[in-house]
Amino acid sequence: MRETDDDQEWSRWSREAADRIERTDGTVAPPAGLPESDPAPDLHVWDTWPLRTRSGEIATVDGWQVLISLTAPADVTPGERHDIAEHRYFVSRDGREWTDRGPVFGDDALGTRQWAGSALYDDGELYCFYTAAGDADSEALTYTQRLAVGHGGRVDTSDDELTIEEPWSHEILLEADGEWYETQAQSGEMTYTFRDPWFFEDPETGRTHLLFESNTPPAPDDCGGDADQQAFNGCVGLAVSPSGDPLDWEFRSPIFDSVCVNQEIERPHVVYREGQYYLFVSSHVDTFAPGLAGYDALYGFVADSLEGDYRPLNESGLVVTNPASAPFQAYSWLAVGHGEELLVSGFCNYPEFDGVAIDEIAALSGEEQRQRFAGTLTPTLRVGVDGEETRIHGTLDHWAFPREGEALPPLADDWSLPAGELDPEPGLTRTASRREDGPFW
Ligand code: FRU
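An account of the accompanying structure is given in this report. Quick caveat, the model's predicted, so the values are computed rather than measured. (Residues numbered from 1 in each chain as written. Predicted model: local features only at pLDDT ≥ 70, side-chain atom pairs only at ≥ 80, totals over all residues. Heavy atoms only, no water.)

A look at a negative patch on the surface
Thought 1: A contiguous patch of negative charge on the surface is contributed by Glu3, Asp5, Asp6, Asp7, Glu9 and Asp221.
Thought 2: Looking at the secondary structure, you find glutamate 3 in the segment before strand E1 (11-12). (Patch = residues over 30% accessible without salt bridge, like charges linked within 9 Å, V, L, I, M, F, W, Y side chains within 5 Å. Areas by Shrake-Rupley, 256 points an atom, 1.4 Å probe, with all protein chains shown as cover. Salt bridge = Lys/Arg side-chain N within 4 Å of Asp/Glu carboxyl O. Lys, Arg positive; Asp, Glu negative; His and termini not counted. Charge placed at Lys NZ, Arg CZ, Asp CG, Glu CD. Helix = DSSP H or I, 4+ residues; strand = E, 2+ residues; numbered from the N terminus.)

See below:
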């Protein structure tokens, strides 16, 4: 554990910045609705990422694109889906129409279920990074999290289809070290995180990295020594591969933390653009530290190098949030660079629910929860970027993942949100809940 907050060597989301979070017309997504045709109506689909090349572009293999998603059968409640999450892949020839091709792995993937990650297609080799969640040795459901990879699987494009073929070799790449990255044993009562490995090769240095979500032990005098605040200790972790080998990783210190601000900064990823590193994370309304109020939203920060110093986008960090009429409409967003723009997609969570706390959903019957949970991808948001400012200025269809270089339709001049969508929902000031009985996201 660090001795004082003077030892702080990486960027932090300041409470001052987080205190400025508010819906603005550049940060609120319009009501999402549901896709006209759902490629997986019998599945809950949530966190999703494209197969990418080493340089971060969406990979095209003989004309095919691939998306990997966390999935579960649609007949489980939305809360239960995390306990049985399975990676499945979808393929498309145009980045618009997707076909479900089934599970990525066989039964030998590590953990009792596989949580979010990223996927690299490198010289014909496939590396599927994931979070090995749970202990296969334990009878009880556990929340152990380790960073893992499946490799050796093969992309086959014969027969005019793309399929991913076994056999896979699975390896644990990193386990929390207890110094920079809290172990589960060190963690307090709140949801523990050490997950979501994201492959990133730095175009300026050529260095190969994994970013991941974690918690970092705070220094004793952080937040004036207030232990309740210090319990909120999210961070973005970093590992490097000195040789560039996607199987060989060493920890580095975090590049960013949200100590005294937020407990969970999820699915970190970086978009490099014009010499700037845009770091994005998703976070929840109920994981902000006492005295702060945010939303379920995509938050972003920008720096001149991967290691920082990161400055909050739009002064607070807020980049994309849900409309006031549906504050849990979407979650777990992913930003990809597309020319001058960012394209941001997430998954549709509870698009019709206008309550202020997700716990209201957890209290409903299983059937009602299932009906309300959308479990498919959102419309893709088009986001303009100007230095430290971003602005949603258009949308594409649900499930749209255009290729690099593909021309997008001209932006409408009259882009605007329906009236009332900026209103803070009542009861915006709230304290974060502690979840002792496992996650309900
Ligand atoms: C975000 C998330 C990820 C995690 C997954 C588990 O939606 O919390 O951090 O890998 O969901 O289902």
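Now that the structure has been shown, we can carry on.
Section: the packing of aromatic side chains
Thought 1: Tallied over the full model, the rule gives 26 aromatic pairs.
Thought 2: A centroid spacing of 5.2 Å and a plane angle of 50 degrees characterise the contact between phenylalanine 105 and tyrosine 130, whose relative ring orientation is tilted. Here phenylalanine 105 is found in the loop between strand E5 (99-103) and strand E6 (113-122), whereas its partner tyrosine 130 is found in strand E7 (residues 125-133), with 25 residues between them in sequence.
Thought 3: On the basis of relative accessibility, which here comes to 9%, the residue phenylalanine 105 falls in the buried class.
Thought 4: A cation sits over an aromatic face here: arginine 81 above tryptophan 46, 4.6 Å from the ring centre.
Thought 5: The aromatic ring of tryptophan 64 is capped on one face by arginine 93, whose charged end is 4.5 Å from the ring centroid. (Phe/Tyr/Trp six-rings, centres within 6.5 Å; stacked < 30°, edge-to-face > 60°. Buried < 20%, exposed > 50% of the residue type's maximum accessible area, 1.4 Å probe, protein only. Lys NZ or Arg CZ within 6 Å of the ring centre and 35° of its normal.)

Here's the deal with the site of the ligand
Thought 1: Taken together, the residues surrounding the ligand are Trp46, Asp47, Leu70, His82, Trp115, Ala116, Arg195, Asp196, Glu213, Glu266, Tyr331 and Ser332.
Thought 2: With respect to the ligand, the side chain of histidine 82 contributes an N or O atom lying 2.6 Å from an oxygen atom.
Thought 3: Between the ligand and alanine 116 there is a distance of 3.0 Å, counted from an oxygen atom to a backbone nitrogen or oxygen.
Thought 4: Here the ligand loses 100% of its free accessible area of 320 Å² to cover by the protein chains.
Thought 5: Mapped onto the shell around the ligand, the elements with two or more residues apiece are strand E2 (43-52), E6, strand E12 (195-201) and strand E21 (330-338).
Thought 6: Residue classes in the shell around the ligand are distributed as five nonpolar, two polar and five charged. (Near = heavy atom within 4 Å. Polar contact = N/O pair within 3.5 Å; in protein donor to acceptor, adjacent residues only side chain to side chain. Nonpolar A, V, L, I, M, F, W, Y, C, P; charged D, E, K, R; others polar.)

Some details on the layout of surface pockets
Thought 1: The volume enclosed by the largest pocket comes to roughly 500 Å³.
Thought 2: Along its surface, the largest pocket is lined by 26 residues, and Ser55, Gly56, Glu57, Val271 and Tyr272 are the ones closest to its centre.
Thought 3: Within the residue set of the lining of the largest pocket, elements represented by two or more residues are E12, strand E16 (266-273) and E21.
Thought 4: Tallying contributions element by element places E16 first for the lining of the largest pocket, with five residues.
Thought 5: Class assignment of the residues belonging to the lining of the largest pocket gives a composition of eleven nonpolar, seven polar and eight charged. (1 Å grid on protein atoms, 1.4 Å probe; cavity = no way out; pocket = protein on both sides within 12 Å on 5 of 7 lines; lining within 4 Å. Points joined across faces, edges and corners; volume = space filled by probe spheres on them.)

Points about the sheet that holds E6
Thought 1: The sheet built from eight strands is open, its strands ordered E5-E4-E3-E2-E6-E7-E8-E11 with mixed pairing. Pairing within the sheet leaves two strands with one partner each, and these edge strands are E5 and strand E11 (169-174). Shown here is a sheet whose adjacent strand axes are inclined to one another by a mean of 30 degrees, direction ignored.
Thought 2: Pairing analysis gives five bridges linking strand E8 (residues 145-151) to E11, with the strands arranged antiparallel. Among the inter-strand pairings, leucine 147 is bridged to a residue of E11, identified as leucine 174. (Pairing = 2+ DSSP bridges. Axes fitted to C-alpha atoms, helices over the stretch in contact; angles between N-to-C directions.)

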